[in-house]
Amino acid sequence: MRECFEPQFEAMDRGDLAQLQLERLQATLNRVARNVPLYRRRFAEQGIDPDTFADLADVRHLPFTTKADLREAYPYGLFAVPLREVVRLHASSGTSGKPVVAGYTRNDIKTWSRLVARVLVAAGAGQDDVVQIALGYGLFTGGMGFHYGAETVGAAVIPASSGGTRRQVAIMQDYRTSVFVATPSYALHLAETLCAMDVNVNSLSLRYGLFGAETWTEAMRAAIEDRLKLTATDNYGLSEIMGPGVAGECLEQAGMHVSEDHFLIEIVDPATGERLPDGEEGELVVTTLTKEAFPMIRFRTGDITRILPGPCPCGRTMRRIGRIVGRTDDMLIIRGVNVFPSRVEALLLEVEGTTPNYRIVLHRRGALDEALLEVEPTEALLFDRVSEHQALLEKLERRLASELGVGIGVRLVEPGSLARGQEGKTIRVVDRRGL
Ligand code: DLL
């Protein structure tokens, strides 16, 4: 078996795990029923008695917790302990409305550190490593979360925080960084800076990279591994549940192991909330099993993924989730088919000649939805012959139809012509169906 930080849990017998999950769930239900008015009220309304809860399968009868519940409870309404016992606060910015404030007790911080240590060790890090954390330190959980985890592993930690790319490169060279932690897009940006600074990547000491906090693709992984000469793993987490350390890939690079002794996971149909079988794609729902300050019952993460079937060759028994392919709040329904703009984006990254600058324009012709993908080609393609443009369009339309399951027309538009919204981001969807 590959190295584990806590093999007694990470590779535990699934039967023992189910028993542990049930005991921890009972304790959590009791704690929230006692201390959190929202849960007390919902349990009473639905006739749920934490004292008689005896079967893990009954989780599906528990009420969901949504982002709206968290906003309403801003800032501390869902805490299950008095502030006196809270030793840390983080918050997620959120794109709309109020942020979500997450509180941690001293025990929560200890647990969090251990769970991040698990993903670090799974991704190749150890005591002898120099870990450079290029994630924001602050209210964002990324920087501090990985920092405590890396210290728990016993590595030498560089709290580089985000930004200042040339300084990051200098640190990486001088301190001989062997493990790099960042978002995947920042890793690519750093790779470009290395190139611009004429740094020979082979002269660096990089071995492993842990990336996450945003969607990325296998194509991006290949590009990062190739340009930074390291082994890159995917890492998932969210402030509402804890931060990084909820799930992470091992060196098999085949999906992210969820620390199921601390989190109960389900996949549900985002439209109906019904539980879906393993392997099917849907919304990830998480129940925390050990959190003290900010426990969550069946939190609707909004993240779309699936539970991967079968055991992992690494020896861990904790089940894995696949890549996060999108979020329920950016899901479009085109002729009844669920389409995630992020999936379109992933496809564009894979097809040569296109850029990820695109927008999807929706119309209604009669009763039927019509979708058109407008995409900016690369500068190089602009100078190619018309026949090559045509070939690219046909290729894109074929791949969109086969991968999304619905036909979408494609049109190339002038580079730089697509409207930019805030922060220079392209506006992804223009829905004219209601007009
Ligand atoms: O992004 C925690 C984190 C930090 C995870 C560093 C991994 C590494 P939030 O800011 O609350 O927390 O954002 C959580 O980011 O619901 C997903 O939509 C997205 N996300 C996180 N990890 C991944 C990933 C942190 N590996 C939200 N792939 C989540 C795709 C991810 N999306």
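Computed from a prediction, not measured in an experiment: that's the story for all the values here.

K.L.:
I tried to follow the site of the ligand on my own but got confused; where do I start?
P.N.:
What surrounds the ligand is a group of 20 residues, the closest being Glu214, Asp234, Asn235, Ser239 and Asp303. Between the ligand and Asp234 there is a distance of 2.8 Å, counted from a nitrogen atom to a side-chain nitrogen or oxygen. Here an oxygen atom of the ligand sits 3.4 Å away from a polar atom, N or O, in the side chain of Arg327. Secondary-structure elements contributing two or more residues to the shell around the ligand are α6 (141–153) and β7 (231–238). Here the shell around the ligand takes 5 residues from β7, the largest share from any one element. The residue makeup of the shell around the ligand, split by class, is 8 nonpolar, 8 polar and 4 charged.

K.L.:
So what exactly am I meant to see when it comes to the sheet that holds strand β6 (residues 208–212) here?
P.N.:
Paired through backbone hydrogen bonds, the strands of a sheet run either parallel or antiparallel to each other. Taken in spatial order, the 9 strands make up an open sheet running β4-β3-β5-β6-β7-β8-β9-β14-β13, and their pairing is mixed. The strands lining the two open edges of the sheet, one partner per strand, are β4 (156–158) and β13 (307–308). Across 3 bridges, strand β8 (residues 243–249) lies against strand β9 (residues 256–258) in antiparallel orientation. Counted as the bridge partner of Gly248 is His257 from β9. Helix-sheet contacts for helix α8 (residues 184–196) involve β5 (179–182) and β6, and the interaxial angle to β5 is about 120 degrees.

K.L.:
Could you clarify how one ought to interpret the pairing of strand β2 (residues 100–105) in this entry?
P.N.:
The buried fraction of β2 amounts to 6 of the 6 residues, a majority that puts the element mostly inside the structure. Burial along β2 is two-sided: the face carrying Val100, Ala102 and Tyr104 and the face carrying Val101, Gly103 and Thr105 are both buried. For strand β1 (residues 86–92) and β2, the ladder comprises 6 bridges, and the chain directions are antiparallel. Residue Ser92 lies in a different strand from β2, and its bridge partner there is Val100.

K.L.:
In this structure, what is going on with the side chain of Thr111? I would like to understand it.
P.N.:
Following the sequence through the fold, Thr111 ends up in helix α5 (residues 106–122). The residues contacting Thr111, other than those within four sequence positions of it, are His262 and Thr290.

K.L.:
What is the right way to read empty space enclosed by the protein from this model?
P.N.:
Picture a little ball the size of a water molecule; that probe, rolled over the atoms, points out where space is still empty. Per the counting criterion, the structure on display carries 3 cavities of 30 Å³ or more. In this structure, the largest cavity spans a volume of roughly 90 Å³. Taken together, Glu10, Leu115, Arg118, Val119, Ala122, Gly248, His257, Val258, Ser259, Arg316 and Met318 make up the lining of the largest cavity. Tallied by class, residues from the lining of the largest cavity come to 5 nonpolar, 3 polar and 3 charged. Its volume calculated, the second largest cavity comes out at about 50 Å³. By residue class, the composition of the lining of the second largest cavity is 10 nonpolar, 1 polar and no charged.

K.L.:
I'm lost on the sheet that holds strand β18 (residues 354–365) in this one. Help?
P.N.:
What the 4 strands build is an open sheet, ordered β20-β19-β18-β21; its pairing is mixed. Of all the strands in the sheet, just β20 (409–412) and β21 (429–431) have a single pairing partner and so form its edges. The sheet shows a mean angle of 20 degrees between the axes of neighbouring strands, taken without regard to direction. In this sheet, β20 lies alongside strand β19 (residues 368–377) in parallel orientation, the contact comprising 4 bridges. Looking at β20, one finds that Glu374 is bridged to Arg411. Along the sheet, helix α10 (residues 341–350) makes contact with β18, β19 and β21, crossing β18 at roughly 135 degrees. Each of β18, β19 and β20 touches helix α12 (residues 386–404); the most contacted strand, β20, lies at about 145 degrees to it.

K.L.:
Hey, could you run me through the nonpolar core in this one?
P.N.:
Side chains that are nonpolar tend, in soluble globular proteins, to be buried together. Of all hydrophobic cores here, the largest spans 70 residues; its most connected members are Phe146, Tyr236, Ile241 and Ile321. Per element, the largest residue contribution to this core is 8 residues, and it comes from α5. Look past the residues within four positions of Phe146 in its chain and what remains in contact with it is Val116, Val119, Leu120, Ile133, Leu135, Thr141, Val181, Leu210, Asn235 and Pro244. Counting residues in hydrophobic clusters, the runner-up holds 23 residues, among them Ala134, Met172, Trp216 and Ile224.

K.L.:
Whenever I open this one, the pattern of salt bridges confuses me. Can you help?
P.N.:
For side chains of opposite charge, pairing can occur when their charged atoms come near one another. Under the counting rule described, the total for this entry stands at 30 salt bridges. Arg118 serves as the salt-bridge partner of Glu6, at 2.8 Å between the closest nitrogen and oxygen. Residue Glu6 is found in the segment before α1 (7–10), and its partner Arg118 is found in helix α5; the two are separated by 112 residues along the sequence. Between Glu374 and Arg411 there is a salt bridge, and its shortest N-O distance comes to 2.7 Å. Note that Glu374 is positioned in strand β19 and Arg411 in strand β20, a separation of 37 residues in sequence. What makes Glu374 buried here is its relative accessible area of 6%. Connected via shared salt-bridge partners are Glu218, Arg221, Asp234, Glu249 and Arg323.

Definitions and cut-offs
- Position numbers for residues start from 1 in each chain and track the written sequence from start to end.
- With the structure being a predicted model, the display of local features is reserved for residues of pLDDT at least 70 and the display and counting of side-chain atom pairs for 80 or more, all residues being used for whole-chain, interface and lining totals.
- Computation of side-chain values covers all heavy atoms of the structure but excludes hydrogens and water.
- Note on terminology: near, applied to a residue and a molecule or strand, indicates that one of the residue's heavy atoms is within 4 Å of it.
- Definition of a polar contact: a pair of N or O atoms within 3.5 Å, with one able to donate and the other able to accept a hydrogen when the atoms are protein atoms, and with sequence-neighbouring residues admitted only if both atoms are side-chain atoms.
- In DSSP terms, a helix is any run of H or I states spanning at least four residues, a strand is any run of E spanning at least two, and both are numbered starting from the N terminus.
- Each residue is assigned to one class: nonpolar for Ala, Val, Leu, Ile, Met, Phe, Trp, Tyr, Cys and Pro, charged for Asp, Glu, Lys and Arg, and polar for all the others, Gly among them.
- Following DSSP output, two strands are said to pair if at least two bridges run between them.
- Whether two residues touch is decided by their heavy atoms; if any such pair falls within 4.5 Å, the residues are in contact.
- Axis angles are defined between N-to-C directions and span 0 to 180 degrees, where every axis is a line fitted to C-alpha atoms and, for a helix, only to the segment in contact.
- Burial classification: accessible surface area is computed with a 1.4 Å probe over protein chains only, and a residue below 20% of its type maximum counts as buried, one above 50% as exposed, and the rest as partly exposed.
- A pocket, in this scheme, is an open set of points on a 1 Å grid over the protein atoms alone with protein on both sides within 12 Å along at least 5 of 7 lines, while a cavity is a set where a 1.4 Å probe fits but cannot get out; residues line either one if an atom lies within 4 Å of a point.
- Grid points are joined across faces, edges and corners, and a volume is the space filled by probe spheres set on the points.
- Take the buried Ala, Val, Leu, Ile, Met, Phe, Trp, Tyr and Cys residues and link them wherever side-chain atoms come within 4.5 Å; each set so joined is a nonpolar core.
- What counts as a salt bridge is simple: a side-chain nitrogen of Lys or Arg found within 4 Å of a carboxyl oxygen of Asp or Glu.

Everything listed here is a matter of geometry and, on its own, says nothing about what the molecule does.
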